[in-house]
Amino acid sequence: MNTSTLALAVALGVVAQQASAAGFVEDSKATLGLRNFYINQDTRNADANTQEEWGQGFQFNYTSGFTDGTVGFGVDALGLLGVKLDSGRGRHGNPDSSKYGGSVFPTDENGRAVDDFSSLGLTGKVRISKTEARVGTLQPKLPVVTFNDGRLLPQTFEGGQITSAEIDNLTLIGGQLEHAKGRNSSNNEGLSIGGANNAETGQFSNKFYYGGGDYKVGKDLLAQYYYGNLEDFYQQHFLGLIHSWAIGPGALKTDLRYFRSDSDGKNGSAAGRAEGYRSSGYWKAGDADRGEVDNATWSALFTYSLAGHALSAGYQQVEGDSNFPFLNQGDGATAYLITDRQIGKFISAGERTWLAEYTYDFAGFGVPGLKATVTYLSGDNIDSANGEKKEWERDIRLDYVLQEGAFKGLGVSWRNATLRGNTSTADQDENRLILSYSLPIL
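Treat the numbers as computed from the prediction; the structure is a model and nothing was measured.

Calculation rules
Every residue gets a number counted from 1 within its own chain, in the order that chain's sequence is written. Local features in this predicted model are restricted to residues whose pLDDT is 70 or higher, and side-chain atom pairs enter the listing and the counts only when it is 80 or higher, whereas totals over whole chains, interfaces and linings include all residues. For the side-chain quantities, the full set of heavy atoms in the structure was used; hydrogens and water were omitted. Working definition: helices are DSSP H or I runs of at least four residues, strands are E runs of at least two. Numbering for both runs from the N terminus. Atoms counted for the radius of gyration: C-alpha only. Globule rule: 2.2 Å times residue count to the power 0.38. For each residue, the accessible area found with a 1.4 Å probe, counting protein chains only, is set against the maximum for its type, and the residue is called buried under 20%, exposed over 50%, and partly exposed in between. In this description, contact between two residues means that some pair of their heavy atoms is separated by no more than 4.5 Å. Areas reported as accessible are Shrake-Rupley estimates using a 1.4 Å probe. Residue values count occlusion only from the protein chains shown. Positive charges are assigned to Lys and Arg, negative charges to Asp and Glu, while His and the chain termini are left out of the count. The location of each charge is read from NZ of Lys, CZ of Arg, CG of Asp or CD of Glu. What counts as a ring pair is set by centres within 6.5 Å for rings of Phe, Tyr and Trp (its six-membered ring), and what kind of pair is set by the plane angle: stacked under 30 degrees, edge-to-face over 60, tilted for all other angles. Sitting over a ring, as applied to charges here, requires NZ of Lys or CZ of Arg to be within 6 Å of the ring centre and within 35 degrees of the ring normal. Residues belong to one nonpolar core when they are buried, are Ala, Val, Leu, Ile, Met, Phe, Trp, Tyr or Cys, and are joined through side-chain atoms within 4.5 Å. Counting of polar contacts relies on pairs of N or O atoms within 3.5 Å, with two restrictions inside protein: one atom must be capable of donating a hydrogen and the other of accepting it, and residues adjacent in sequence are counted only when both atoms are side-chain atoms. Paired strands, as defined in this entry, are two strands with at least two bridges between them according to DSSP.

Caption draft 1: The overall build of the protein, seen in detail. On a plain count of helices and strands, the protein comes out with three helices and 21 strands. Taking 442 residues into account, the globule formula puts the C-alpha radius of gyration at 22 Å, and the protein, at 22 Å, falls close to it. Dimensions along the principal axes, computed over C-alpha positions, put the protein at roughly 65 × 60 × 55 Å. Counting every position in the protein, which comprises 442 residues, the buried fraction comes to 47%. When contacts within the protein are restricted to residue pairs at least 6 apart in sequence, long-range pairs at least 24 apart make up 60% of them. On the protein, roughly 20,700 Å² of surface is accessible, and the fraction owed to carbon and sulfur atoms is 54%. Averaged over its 39 positive side-chain charges, the protein has a centre that lies 3 Å from the centre of its 52 negative ones.

What follows is the structure, encoded as C-alpha cells:
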C-alpha cells in the first residue's frame, strides 16, 4: 500500500465515524456531468490513417461538507465512465497496441477501442481554520502541474496536497503526486516526461514534489512563484505576474511567465540517461549532455477587452538544449504555456512563437451564450540537425450555452484546428464536436 492510499484509508475511517455531523451532510453537493465527444484527426503527410472516435462520457462529482469541530473531515468522490459510440481499428489511432490508448479510448490486445472504460477516485480531506489537506484523487491546476481535460474524460492524479490561506491575500500550496491516470485509461501509471515516456521502454518516477504560492499585490496584480521536482528527471522554478489595467472603456490584461528547468538525479548523469531517464530536445552530435534537461522558457501575453471584443497578442521563447519539460506520460498532458493549444504546444528547443487571438461575445449582438474565437500561432527557429524548422497552427472555436428553457445550461462546442510545418510532427487537420450538460443531484 503506497503512502497516499494509506492516508486516504485513515481519512475515510475518520469520516465514517463522524459522517452524521450536520456540516458534512448539509454542505454536500453532487452533480452528474454529461459529455458527448466526437473527434476527427486527419494526418496529412505521414503513413497514418484518419483517427475518428465518438463517445459518451459520464462524470459523477460528489463533494461533501466538513464535520463539525475545530478539525473538520470530509470526503469527495469522482466517478468516470466512457462509452464507445463509434470507433474502428483503422480509426482508433493505436492499431498495433503500442501506445497507452487511442485518441479517446483505451486499446484492447487486438488494437481496437474498448467498448467502455471507467474509474472511481476518492479523496479524503481535513480542514483546520483556513488550511485544507487532501489525499487521494487530485486534479491540480497549477503552473508546474495541470490536469488535462481535452477528451471524453479528464486526467486525474493520485497523491496529497495542502492548501493554506491563513495569511490575507496569500495562498500557499504544496504536495506530492505519485501516479497519473490518463484521459484514455482506467489505470494509474508512473510519472514521466517527453523523451522518456514510451509505454514499453520508457522510465517513470513516483515522486513529484511541488509547492508555491499566489500573492495578491492589490486588487489588480497577482504575483506567483512555484517549484516542481520530478525525481530523477527535472527541477523547475516558475515566476509569474498577472496584471489588469483599466484603459478607457476597456481593460488590458498582462500575463508574464518564466520557467527555469534543470536536471535532477539520474537525468543529470550520462549513465542515468543511458537507462532512459532522458528528455527530448536537440543536441549536437557527440554532445555529452545529450538528453539532459536544460531549459528556460518565458512568455508575455497581452489581452485588451472592450465590450464583447477581446484581442490578444503574445510571444514565447524556448531556450536551452532540451524541450520544455512537464509531466507527460505519453497519453495526453497539459503544459502551463500560452502556446498549449488544440493540437500543438510549440515547446521545441530554440523555438520562438508569435501568437494572435480574437474573441467575440455575441451577448452584445443579442445572442447571449454564444462566443467565437480565432487563434493563430507561428513558431520558428526550432533547433535540428537539418537546419531551422518551422510550424504554425490556426484554431477556430465556436461555443454556445443555452440561457433558458428546459435544457438551460446545455453547451455545444465546435473546435477546428490546422497544424502545418516541417518538424517531426505530422501535418494535421482536426475537428471536435462536444455537447455538455450538468445535472445537479444534491
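Caption draft 2: Region of interest: the packing of aromatic side chains. By the definition in use, this model includes eleven aromatic pairs. Measuring from centroid to centroid gives 5.8 Å for phenylalanine 238 and tyrosine 336, while their planes differ by 80 degrees, and the two rings are edge-to-face. Placement of phenylalanine 238 in strand β13 (residues 234–247) and of tyrosine 336 in the loop between β16 (309–319) and β17 (352–361) is noted, with a sequence separation of 98 residues between them. When its relative accessible area of 0% is taken as the criterion, phenylalanine 238 is described as buried. Of the aromatic side chains, those joined through ring pairs into one cluster are Phe238, Phe259, Phe324, Phe326 and Tyr336. Against the face of phenylalanine 66 rests lysine 125, its NZ or CZ located 4.9 Å from the ring centre. The ring of tyrosine 336 carries the charged tip of arginine 257 above its face, separated from the ring centre by 3.9 Å.

Caption draft 3: Main features of the nonpolar core. Ranked by size, the top nonpolar core spans 29 residues in total, and within it Val145, Leu177, Phe208, Tyr210 and Leu327 carry the most contacts. Only β9 (170–181), β11 (208–216), β12 (221–230) and β13 provide two or more residues apiece to this core. In terms of residue count, the dominant contributor to this core is β9 (three residues). In contact with leucine 177, other than residues within four places in its own chain, are Leu138, Pro140, Val145, Phe157, Glu158, Gly159, Leu191, Asn206, Lys207, Phe208, Tyr210 and Leu327. Listed in part, the eleven residues of the second largest apolar core include Leu78, Leu152, Leu153 and Ile434.

Caption draft 4: Layout of unusual backbone geometry. The phi dihedral of asparagine 169 is positive, around 70 degrees, even though this residue is not glycine. Position of asparagine 169 relative to the elements: it lies in the loop between β8 (156–164) and β9. The phi torsion at phenylalanine 346 lies on the positive side, around 60 degrees, for a residue other than glycine.

Caption draft 5: View of the environment of arginine 183. For arginine 183, the location among the structural elements is in the loop between β9 and β10 (188–189). Judged by relative accessible area, which is 12%, arginine 183 ranks as buried. Beyond its immediate sequence surroundings of up to four residues, arginine 183 is in contact with Val104, Phe117, Asn148, Gly150, Arg151, Leu153, Pro154, Gln155, Asp331 and Gly332. Within the local environment of arginine 183, its side chain forms a polar contact with the side chain of asparagine 148, the two groups lying 3.0 Å apart.

Caption draft 6: Region of the structure containing the pairing of strand β20 (residues 411–421). With eleven bridges connecting them, strand β19 (residues 389–401) and β20 associate as antiparallel partners. Bridge pairing in β20 links leucine 398 to tryptophan 414. Pairing geometry for β20 and strand β21 (residues 428–440), over nine bridges, is antiparallel. Bridging across to β21, asparagine 416 finds its partner in asparagine 431.

Nothing here speaks to function; it is all geometry.
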